[in-house]
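Commentary on secondary and tertiary structure
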Amino acid sequence: MFSKFTSILQHAVEALAPSLPLQEDFVYHWKAITHYYIETSDDKAPVTDTNIPSHLEQMLDILTQEEAERESGETGPCMEYLLHHKILETLYTLGKADCPPGMKQQVLTFYTKLLAHIRQPLLPHINVHRPVQKLIRLCGEVLAAPTENEEIQFLCIVCAKLKQDPYLVNFFLENKSKRPEIKSPVATEGAKENALAPDTGQSLPQAAAAVSTSSPTSNNNSNNYNLVTSLLNLTKSPDGRIVVKACEGLMLLVSLPEPAAAKCLTENTELCELLTDRLVSFYKALPQSMDPLDIETVESVNWGLDVYNLKEDAAVFTGKRALISFLSWLDYCDQLIKEAQKSAAAVMAKAVRERFFVSVMEPQLMQTSEVGILTSTALLNRIIRQVTSEALLQEMVYFLLGEEREPETSATIAQNPLRHRLIEHCDHLSDEISIMTLRLFEQLIQKPNQHILHNLVLRSLEERNYLENKPQEEREPLENGQPHDAVDLEEDPLFGDDLSPESRLSGSDWLSTSPPQSPDHSKSEGKTEVHKIVNSFLCLVPDEAKSSYHVEGTGYDTYLRDAHRQFRDYCGICQRWDWRGNPKPFEKCNLDIPFFEGHFLKVLFDRMGRILDQPYDVNLQVTAVLSKLSLLPHPHLHEYLLDPYINLAPGCRSLFSVIVRVVGDLMLRIHRIPDFTPKLLLVRKRLLGLEPEGITIDHMTLLEGVIVLEEFCKELAAIAFVKYHAAASSSP
């Protein structure tokens, strides 16, 4: 009580007395603090019962005022006094001893405000960065300490200062063992100070050498990065706000461009372990079985905004809280890697691959339990959707697909067991697993990573050996200009002139926008006139199997709008991959290699071939993946999937030839079903919600398959037109 009265009296005297010059005032406040330790025998009273907090506050105010009154960058006498008399070193010692109780908190606050309020760079001064480094070591030592809030504020201001001037980080990479060859006066002085003010037993930073031509830490493989270590300790705090601030500090540090800091960060700290261990523990806390729809639809999660209500979450679905915690930490890992210096990002991403994807997720994806496969595939799909950092995406892709780039053969499809298993799951006995895995691949092929598309499809099409390569004289006799077993589109009754006006488009409408023909690129080079291609797809399904023109709003124009938007988005993604241009010239292709469409396309074509006999939802997902592939602006993929007129090599199939076989099968089956067309129309209306569910209709799977087939052909026609139109617009 008496000390509080003394403090009030002191402030009153100061207010009445004439103002002293700033330096005298500053020295007075500092001497008042040091005299307390000389004169006071009771060191058990808390610091808040003394004048120390007031004196420290006054010192800060004086330093701020002094800087404001001087020209930018000029050091005033008060600051000179603070640096020369090593006031920060003394305060550090007092804070470490926490004498009087609560002094550590006051020291942390003083350091924080000093660094925050003073504009001139202080950290390059040895009498600033050395005590700052020592104080950093005291942070995070004890979890849930009463000084946690002040510790994190202090660490974050240091991180912010390093972000402003990244080279300063070299002062904070401490050598683990002393280097006796350094004999600079500063190093010697530091050694003396070590004896006067013993600390944690770690050596002082070799600051003098750091300011020389090259930092000693740059070439030293054994450095402590105490700033990172302290932040990592505080990420384990039970206080969520402290954890978020610690994560923000780490985010600033990983982004520093200094190579020595990046190396030290990944080699000499436990950052990678923290990221991966926490990711693993959150993943393992998830329920063994979860509804894929819950996983897919749970709201998007930002790592710093993980606010929740346990009761509400449990009411929505079991495991929602655990799922949000996992996705939130995944988002943090992703953002951290995205912000990190390039070499550090690569190391962290590899750690996530090895310690999480390979160790934890792979066994889950390779299991035989259908419930387990479904849940883990749905989680993987959500992970793929959420990852945006280039380095983490690359490692995840290598984990899923392998790093192989050479063309596949039927003998090598099982070379990567996980890739093989995932592709096989697209044709699983369980429709749910098939749909979820197809969704996963649909998500994957939309990610901005060239290796995905090369590995899954493009490497099989590189040499264009799906095309006929025999000299003219060795080919089978032609009938009407085509091989006898080819699909003659011009002569086929499906493509005759008696088509309804709704299904046929005027040639002149399309010719005006199709790319001009050139002698160098004939039909065999994939430049067939666009109107023929569009009509080929639109007319594939026979009239008696069409139902869309009986229902409003299901026209071809809706697909054109979607195709235009999606193709533009894909072009943005693929722009830097140098895909534009014409197919690889025949003379440069190795056409003697036997063609294998690749495991992925094989499974998709097999499923497409069964479109009349498999569930509606499966068909929607198969066609969704194929349409996404068709949208890609790669000339070989375009030729293989969207040109009906290419001469296929014997035994090869294309998307168009698969659909032709389906249509052939359909023609045989239509005549066996009484009232086929009215039933087809009724099924379409039910799917659109225009008719209530009523009596069961025979052959429902086939009828739904026919509707999907018709819509898919319209979609392919729209994609073909949009791509040719874009090529025409961009050609000179």
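Below is a short write-up of the structure. Here the residue numbers are simple positions, counted from 1 along each chain's written sequence. Reporting in this predicted model follows two pLDDT cut-offs: at least 70 for local features of residues, and 80 or more for side-chain atom pairs to be given and counted; totals over whole chains, interfaces and linings ignore these cut-offs and use all residues. Side-chain measures here rest on the full set of heavy atoms in the structure, leaving out hydrogens and waters.

**Quick word on the state of the cysteines**
The cut-off we apply is this: Disulfides are defined as cysteine sulfur pairs within 2.5 Å.
In the structure shown here, the tally under the stated rule is 0 disulfides. Free cysteine C713: the closest other cysteine sulfur is in C539, separated by 9.9 Å.

**Concerning the packing of helix 7 (residues 126-138) against helix 11 (residues 226-234)**
Let me state the cut-off plainly: To obtain each axis, a line is fitted to C-alpha atoms, and for helices this fit is confined to the stretch in contact; angles are then taken between N-to-C directions over 0 to 180 degrees. By definition, any uninterrupted DSSP run of H or I lasting at least four residues is a helix, any uninterrupted run of E lasting at least two residues is a strand, and each is numbered from the N terminus. The labels follow the angle: roughly parallel below 35 degrees, roughly antiparallel above 145, roughly perpendicular from 65 to 115, and oblique for the rest. Crossings are assigned a handedness: left-handed for a near helix turned anticlockwise from the far helix by less than a right angle, right-handed for a clockwise turn. Any pair of residues with heavy atoms lying within 4.5 Å of one another is described as a contacting pair. By the convention adopted, Pro, Cys, Tyr, Trp, Phe, Met, Ile, Leu, Val and Ala count as nonpolar, Lys, Arg, Asp and Glu as charged, and the other residues, Gly among them, as polar.
Orientation of helix 7 relative to helix 11, taken along the N-to-C sense of each, is 25°, at an axis distance of 8 Å. Taken together, the axis directions place helix 7 and helix 11 in an arrangement best described as roughly parallel. Regarding helix 7 and helix 11, the two cross each other, and that crossing is left-handed. Counting all contacts with helix 7, which are made through Q133, I136 and R137, the residues of helix 11 involved are N226, L227 and S230. Tallied by class, residues from the contact of helix 7 with helix 11 come to 2 nonpolar, 3 polar and 1 charged.

**Some points on the packing of aromatic side chains**
We describe a pair of aromatic rings using the distance from one ring centre to the other and the angle between the two ring planes. Using the following cut-off: Two rings from Phe, Tyr or Trp (for Trp, the six-membered ring) form a pair when their centres sit within 6.5 Å of each other. Planes less than 30 degrees apart are called stacked, planes more than 60 degrees apart edge-to-face, and all others tilted. A positively charged side chain is recorded as over a ring if its NZ (Lys) or CZ (Arg) lies within 6 Å of the ring centre. The angle to the ring normal must also be within 35 degrees.
Taken as a whole and assessed by the stated rule, the structure comprises 16 aromatic pairs. Each ring, one from F605 and one from Y640, has its centre 6.0 Å from the other, and the planes form 35°; the classification is tilted. Taken together, the residues span a long stretch of sequence, with F605 in helix 27 (residues 599-609) and Y640 in helix 29 (residues 635-642) at a distance of 35 residues. Cluster of aromatic residues (ring-pair linked, three or more members): Y283, F326, F356, F357 and F399. The ring of W329 is capped by R278, whose NZ or CZ atom sits 4.8 Å from the centre of that ring.

**Digging into a negative patch on the surface**
Cut-off, in case you're wondering: Without a salt bridge and with relative accessible area above 30%, a residue can belong to a patch; like charges are then joined within 9 Å and nonpolar side chains (Val, Leu, Ile, Met, Phe, Trp, Tyr) within 5 Å. What sets the accessible areas is the Shrake-Rupley method with a 1.4 Å probe; for residues, cover comes only from the shown protein chains. Salt bridges are defined by distance alone: a side-chain nitrogen of Lys or Arg within 4 Å of a carboxyl oxygen of Asp or Glu. Working convention for charge: Lys and Arg count positive, Asp and Glu count negative, and His plus the chain ends are omitted. Just so you know, the charge point we use is NZ for Lys, CZ for Arg, CG for Asp and CD for Glu.
Taken together, D291, E370, D431, E432 and D617 make up a surface patch of like negative charges. Here D291 is to be found in the loop between helix 14 (271-284) and helix 15 (292-297).

**Some thoughts on the nonpolar core**
Going by this rule: What is meant by a nonpolar core is a set of buried Ala, Val, Leu, Ile, Met, Phe, Trp, Tyr and Cys residues, joined one to another through side-chain atoms within 4.5 Å. Each residue is assigned to one of three classes by its accessible area relative to the maximum for its type, calculated with a 1.4 Å probe on protein chains only: buried under 20%, partly exposed between the two thresholds, exposed over 50%.
Counting 213 residues, the largest nonpolar core has L91, F154, Y225, F356 and L629 as the members making the most contacts within it. Tallying contributions element by element places helix 32 (residues 700-730) first for this core, with 16 residues. With residues near it in sequence (within four places) discarded, F356 still touches L279, V280, Y283, F326, A351, M361 and I383.

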